[in-house]
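# Architecture and fold: a report
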Amino acid sequence: MALIIKVSAMDRLRIVGGQRLQGAVTISGAKNAALPQIAAALLSPHPLELTNLPDVTDVENMLGVVRLHGAEITRSAHAATIDTSAAVSKETSYDTVRKMRATVLVLAPLLARFGHARVSLPGGCAIGARPVDMHVAALTALGARIAIENGLIVASVPNGLTGTRIVLPSPSVGATETAMMAATAAKGETEILNAAREPEVADLAACLNAMGARIEGAGTHRILIAGYTNWHAARHDIIPDRIEAGTYAIAAAITGGQLELTHARLEHMASVVQLLEATGVSVWPGDRGLIVSRDRPLKAADLTTEPYPGFPTDLQAQFMALMCCAEGASLLRETIFENRFMHVPELMRLGANIKLQGTMALVRGGEKLHGAQVMATDLRASVSLVLAALISEGETIINRVYHLDRGYEQLDRKLRLCGADIERLGA
Ligand code: UD1
């Protein structure tokens, strides 16, 4: 049985700020590693067991998508066995892809296994346009024929996929994953250059290799994939979520507390740890993960989001909340997504002093924050409001909590166990 607690779309969080967080937080499996691995189960007719699966709604939705294609799923707490022996390539509708853009990751596995696939184009999303042109170009280079018909990506491989060299114009995580999955079924070797180096890409390669693929170099900018995989049943343990770990590190920092982040891996978080240390936060490895604490005043520091190993865009909003409480001004530059400052007006409702200019935000820290009603707009924006609320005077009500449930497992419970005054209110 999955642990997920069914919540109403209208649930709200009530947070009373001022508590110093102390204790241990168990970091869940990485959502962004789980999603492509669930899609990858469609490549092989043999079962794939995924363990350390986070209990978040994006994962449930992705399992629902592969189920729609005929997969049988056996679920237990934090694990799923996905059996796609009876799967078929069906149309993946706009409604499904619109809800979660990562659904587009089923395109390559369906195409590689069945020779044809029809997946809706994702369209825009809250944090920007997010095109899929690099996914399409990579599949075309491998020999797929792709047309866009009535908003659908219609793909087929009349002569089978053939290994080739793919040079990505920029290191897109999703396009690297698409190319890697398709190449496992191609005839001959594929080389992906300028590949994304995110740990989630390396973890997908580890999962595919456990399933029978032969992939080398994942986690570097050059990935080599031998084709014609001989698939077999497999089991893979998903890496811990470095974005969830970074979020709780900032929770410890913003409240001047101390948290042990069980399972967090320092080697996945070098840029985050470096920046936190520059602001006066202490981070050190412990027996079970990382320990994060702050007992000095917070100093302002500048930030530019970059592909891994640079500072992740998925932690920009959380870092901004932290900088609202630092002494001095900090400049935050977003280079990955064009519309990823939706948390700014909401943080300003709590009293933050932030000026936006294009892709830059100037935060003047040190203003006292006060509780207010705020609106969650996307996953990471929402959690930045939770962090700011933890040190805001009085009560903050955060509406549209379903955004948080997409990617944070039991956020309110984990924070409450460390001393936060937080409760979930029904509609
Ligand atoms: C993944 C993560 C997301 C994270 C992002 C960047 C998952 C499920 N999601 O998203 O949480 O914020 O990496 O670290 O893993 N682009 C194109 N054409 C394409 C593909 C991407 O122009 O075909 C652009 C995007 O619009 C964006 C940039 O490339 O500006 C990076 O996107 P990408 O790395 O592909 O992000 P996702 O895989 O969508």
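The sections below set out a description of the structure shown in this document.

About the criteria used
- Residues numbered from 1 in each chain as written.
- Predicted model: local features only at pLDDT ≥ 70, side-chain atom pairs only at ≥ 80, totals over all residues.
- Heavy atoms only, no water.
- Core = buried A, V, L, I, M, F, W, Y, C linked by side-chain atoms within 4.5 Å.
- Buried < 20%, exposed > 50% of the residue type's maximum accessible area, 1.4 Å probe, protein only.
- Contact = heavy atoms within 4.5 Å.
- Pairing = 2+ DSSP bridges.
- Helix = DSSP H or I, 4+ residues; strand = E, 2+ residues; numbered from the N terminus.
- Axes fitted to C-alpha atoms, helices over the stretch in contact; angles between N-to-C directions.
- Parallel < 35°, antiparallel > 145°, perpendicular 65-115°, else oblique.
- Left-handed = near helix turned anticlockwise from the far one by under 90°.
- Nonpolar A, V, L, I, M, F, W, Y, C, P; charged D, E, K, R; others polar.
- Near = heavy atom within 4 Å.
- Polar contact = N/O pair within 3.5 Å; in protein donor to acceptor, adjacent residues only side chain to side chain.
- Areas by Shrake-Rupley, 256 points an atom, 1.4 Å probe, with all protein chains shown as cover.
- Domains from an automatic or database assignment.

## Re the nonpolar core
I38, L53, I82, M180 and L208 are the most contacted members of the largest nonpolar core, which totals 72 residues. Once residues lying within four places of it in the same chain are set aside, the contact partners of L53 are A34, I38, V59, L63, R75, H78, A79, A80 and I238. Among the nonpolar cores identified, the runner-up in size contains 68 residues, and A253, F311, V401 and L415 belong to it.

## Some details on the sheet that holds strand β2 (residues 22–26)
Read from one edge of the open sheet, four strands run β2-β15-β17-β16, paired in mixed fashion. Both outer strands of the open sheet, β2 and β16 (282–285), are each paired with one neighbouring strand and no more. Within this sheet the neighbouring strands show an average axis-to-axis angle of 20 degrees, counted without direction. Two strands pair when backbone bridges link them, and strand β15 (residues 258–262) and strand β17 (residues 289–293) are joined in this way by five bridges, in the antiparallel orientation. Across the sheet, the residue bridging to L261 is L290, located in β17. Here helix α8 (residues 242–254) sits on the sheet and contacts β2, β15 and β17; the angle it forms with β15, its principal contact strand, is near 165 degrees.

## Remarks on the sheet that holds strand β8 (residues 145–149)
Taken in spatial order, the four strands line up as β6-β7-β9-β8 in an open sheet, and their pairing is mixed. Only two strands of the sheet have a single neighbouring strand rather than two, namely β6 (91–92) and β8. Bridge count for strand β7 (residues 116–120) against strand β9 (residues 152–156) is five bridges, and the pairing is antiparallel. Following the sheet pairing, S120 is matched in β9 by L152.

## Thoughts on unusual backbone geometry
With omega at 10 degrees, the peptide bond leading from Y308 into P309 counts as cis. Structurally, the position occupied by P309 is in the loop between β18 (303–304) and α10 (316–323). The phi dihedral of N150 falls on the positive side, at around 50 degrees, and the residue is not glycine. Mapping N150 onto the fold places it in the loop between β8 and β9. Judged by its relative accessible area of 83%, N150 is exposed. One non-glycine residue, R400, adopts positive backbone phi at about 60 degrees. According to the relative accessible area criterion, R400 is partly exposed, its value standing at 38%.

## Looking at the packing of helix α6 (residues 173–183) against helix α7 (residues 199–211)
Following both chains from N to C, one finds α6 and α7 inclined at 15 degrees, their axes separated by 10 Å at the closest point. Classified by the interaxial angle, the pair formed by α6 and α7 is roughly parallel. Judged by the sense of rotation from one axis to the other, the crossing of α6 with α7 is right-handed. Side by side, α6 and α7 meet where V173, T176, E177, M180 and M181 of the first sit next to E200, V201, L204, A205 and L208 of the second. Of the residues belonging to the contact of α6 with α7, the class tally is seven nonpolar, one polar and two charged.

## Describing the environment of E367
You can see E367 is positioned in the loop between β21 (360–364) and β22 (373–375). By relative accessible area, which is 39% here, E367 ends up partly exposed. With 42 residues separating them in the primary sequence, E367 and C325 have C-alpha atoms 6.8 Å apart. Excluding residues that lie within four positions of it along the chain, E367 makes contacts with C324, G351 and N353.

## Quick word on the pairing of strand β3 (residues 48–51)
Sheet faces and side chains relate simply in a regular strand, where the side chains alternate between the two faces. As paired elements, β3 and strand β5 (residues 79–83) share four bridges and run antiparallel to each other. The residue of β5 that forms the bridge with L50 is A80. Here β3 pairs with strand β14 (residues 234–237) via four bridges, running parallel. Following the sheet pairing, T51 is matched in β14 by D237.

## Structural notes on the environment of S76
On the secondary structure map, S76 appears in strand β4 (residues 72–76). Assessed through its relative accessible area of 33%, S76 is described here as partly exposed. C-alpha of S76 to C-alpha of T51: the two residues are 25 residues apart in sequence and 9.3 Å apart in space.

## Considering the site of the ligand
Neighbouring the ligand are 17 residues; D133, M134, S172, D314 and I336 lie closest to it. P131 is positioned with one of its backbone polar atoms (N or O) 3.3 Å from a nitrogen atom of the ligand. Expressed as a share of its isolated accessible area of 740 Å², the protein-covered part of the ligand is 83%. Of all the elements in the fold, those that place two or more residues in the shell around the ligand are α5 (133–141) and α6. No other element matches α5, which puts three residues into the shell around the ligand. Looking at the shell around the ligand, its residues break down into seven nonpolar, five polar and five charged. The residues that make up the shell around the ligand include at least three from each of domain 1 (12–28 + 240–425) and domain 2 (31–237).

## Overview of helix α9 (residues 270–278)
Within the span of α9, buried status applies to S271, V272, V273, L275 and L276. Next to the buried residues of α9 lie α8, β16, β18 and α10.

## What to know about the pairing of strand β20 (residues 353–357)
Direction of pairing for β20 relative to β21: antiparallel, over a ladder of five bridges. In the sheet register, Q357 faces β21, and the bridge partner there is M360. The hairpin turn running from β20 into β21, its antiparallel successor, is two residues long, and G358 in that turn takes a positive phi close to 60 degrees.

## Observations concerning the packing of helix α1 (residues 31–40) against helix α2 (residues 57–68)
Across the interface, α1 lies against α2 with an axial gap of 9 Å and an inter-helix angle of 5 degrees. Judged by the angle between their axes, α1 and α2 are roughly parallel. In contact with K31, A34, L35, I38 and A39 of α1, α2 contributes D58, V59, M62, L63 and V66. Within the contact of α1 with α2, the residues separate by chemical class into eight nonpolar, no polar and two charged.

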